[in-house]
Amino acid sequence: MSQKIITRFAPSPTGFLHAGAYRTAVFSYLFTKHHNGSFVLRIEDTDTARNKKEYEDDILDSLQWLGIHHDEFFRQSERKEIYKKYIETMIEKGFAYVSKEEIKKEGDRDSVIRFKNPNKKVSFHDLIRGDIEFDTTDLGDFIIAKDFDEPIFHLVVVIDDFEMGITHVIRGEDHISNTPRQILIQQAIGAPTPAYAHIPLVLATDRTKLSKRKGALSLTEYRRRGYLKQAILNYIAMVGWNPGDDKEILSETDLINLFSLERVQKGAAIFDEVKLKWLNKEYIKKMPEEEWKQEILKRLPEEILECSSFEERKEKVFPIIFDRISIFGEVEEMSEQGELSYFFITPTELETRDILPPEKLRKGKDVTSTSTANILTKVIELLESIPETSFTKEGTREIVFPYADEQGRGIVLWPMRYALSGREKSPDPFELCDILGKNETIFRIKKAIEVLTQ
Ligand code: GLU
């Protein structure tokens, strides 16, 4: 292509940026960068009743975060004079007229500006959907402005695409039905018709409309939950597009190099949060150790960070957290659900009774509190025999495991593990011995025996 490619992303600031919208931004951006073109961000804020500054800020922040940088920026609300001139000229030339009518919904207004429809067939070639033809007769003389100062969507889109030299309009397929009107306006103002690429809708995994419940969170929300921008960019680029092989992990540079509209599918695209999470984890795995540790650290609560055991145990706990999470926000979830504090915080006397109820410590047929207490007493005896320096995962396992084998693994290992973590699920008891160290391990098991024998 010899002509310089110019595309635009034209969001209306009437809500937070959702998957369908930022996917459009990503496709336009990748296409533009692939062709060394220019990317315009245009805020379509003519709907004053629904626009909000916070939504515009959200759009700007979100795109910036994702790395979708624009070359030019416009706000339609600042271009009213330009639109007015076009309306005047269109009326002068007979392409539009002021129509006196009673419009109940529009308050006091008694006229609108209508486009004089030449009632003809309009056809265009859509880069994704192929040739499309419409008979515009049914559209009648449609409204293009409520007033000279209040142009509506179809008119401003056409004027702006023309003035900004947009060569390719990449937008959601819900805009296909708007295209014939827009082409008629282009013809009236002497604007070329840009190339159109109407991209498929984004649906939830059950092929219904995306909604919050179905994983369609705003970009801001994904960001808040600790998703990585590389993962989001990579994932969203593949919602409705694929590189033609089974490669799934693609950097921004890869995406720019590989992206083409030819490989955008026609059918609806599926947004699958499970897949996004998986991809996020793949990116986390690629992070340098120091970086992911920092990310975990940032999300740990004060009560853990201030714990005297924190420095000593953190290096052993970080890899456990790392294995369990797919997004960094899950660190906060883990800590809220009490899945982290037991690594660092010794339960108080009072808490012990809550955390270690005898019925949770006992496990197995014919097992009583007394028999469990006896088993734990034997476990302490074995652990006491291990020198501090060998009190590791392997060291403790070597000594305690034969006893567990002899008695029945669950009967020994369950209460031992439960005494150490106070949780139904936690790392195995030897890993916990390793993290907690000899004194703390023995202390906690003794507490459990106390509870069992009271
Ligand atoms: N402002 C329109 C929207 O948010 C997009 C217009 C267009 O891409 O032509 O749906």
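Quantities reported herein were computed from a predicted structural model and do not represent experimental measurements.

Caption draft 1: Fine view of the overall build of the protein chain. What the protein chain contains, in helices and strands, is 20 helices and 13 strands. Here the C-alpha radius of gyration of the protein chain, 32 Å, is well above what a compact globule of 454 residues would show, namely 22 Å. Referenced to the eigenvectors of the C-alpha coordinate spread, the extents of the protein chain come out at roughly 100 × 50 × 40 Å. Taken over 454 residues, the protein chain has a buried fraction of 50%.

Caption draft 2: Helix α1 (residues 19-34), seen in detail. The end-to-end C-alpha separation of α1 is 22 Å, in line with the 22 Å expected for 16 residues at 1.5 Å each. Summarising burial for α1: 12 of the 16 residues are buried, a large majority. Restricting attention to buried positions, one finds in α1 the residues Ala-19, Tyr-22, Arg-23, Thr-24, Ala-25, Val-26, Phe-27, Ser-28, Tyr-29, Leu-30, Phe-31 and Thr-32.

Caption draft 3: Molecular detail of unusual backbone geometry. Look at Asn-36: it is not a glycine, yet its phi comes out positive at around 55 degrees. Position of Asn-36 among the secondary structure elements: in the loop between α1 and β2 (38-43). A positive phi angle, close to 50 degrees, is found at Asn-119, a residue other than glycine. In this structure, Asn-119 sits in the loop between β5 (111-115) and β6 (121-126).

Caption draft 4: Quick peek at the sheet that holds strand β8 (residues 143-147). Strand order in this open sheet of 4 strands is β4-β5-β8-β9, and the pairing throughout is antiparallel. This sheet does not close on itself; its edge strands, each paired only once, are β4 (96-100) and β9 (150-151). Two strands pair when backbone bridges link them, and β8 and β9 are joined in this way by 2 bridges, in the antiparallel orientation. Bridging across to β9, Ala-145 finds its partner in Pro-151. On top of the sheet, helix α3 (residues 80-92) reaches β4, β5, β8 and β9; it is set at about 90 degrees to β4, its chief contact.

Caption draft 5: Expanded view of the pairing of strand β1 (residues 6-9). The alternating pattern of β1 places Ile-6 and Arg-8 and Thr-7 and Phe-9 on opposite faces, both of which are buried. Two strands pair when backbone bridges link them, and β1 and β2 are joined in this way by 4 bridges, in the parallel orientation. Bridge pairing links Arg-8 to Val-40 in β2. Handedness of the crossover joining β1 and β2 through α1 is recorded here as right-handed.

Caption draft 6: Layout of helix α17 (residues 369-384). With 16 residues, α17 extends 22 Å between its outermost C-alpha atoms, agreeing within 8% with the 22 Å of an ideal straight helix rising 1.5 Å per residue. Buried residues of α17: Ser-369, Thr-372, Ala-373, Ile-375, Leu-376, Val-379, Ile-380, Leu-382 and Leu-383, and no others. Where α17 is buried, its residues contact α16 (358-361), α18 (393-407), α19 (409-421) and α20 (429-453).

Thresholds, definitions, all that
- Residues numbered from 1 in each chain as written.
- Predicted model: local features only at pLDDT ≥ 70, side-chain atom pairs only at ≥ 80, totals over all residues.
- Heavy atoms only, no water.
- Helix = DSSP H or I, 4+ residues; strand = E, 2+ residues; numbered from the N terminus.
- Rg over C-alpha atoms; globule rule 2.2 N^0.38 Å.
- Buried < 20%, exposed > 50% of the residue type's maximum accessible area, 1.4 Å probe, protein only.
- Expected span 1.5 Å × (residues − 1).
- Pairing = 2+ DSSP bridges.
- Contact = heavy atoms within 4.5 Å.
- Axes fitted to C-alpha atoms, helices over the stretch in contact; angles between N-to-C directions.
- Right-handed = clockwise from strand over helix to strand, strands pointing away.

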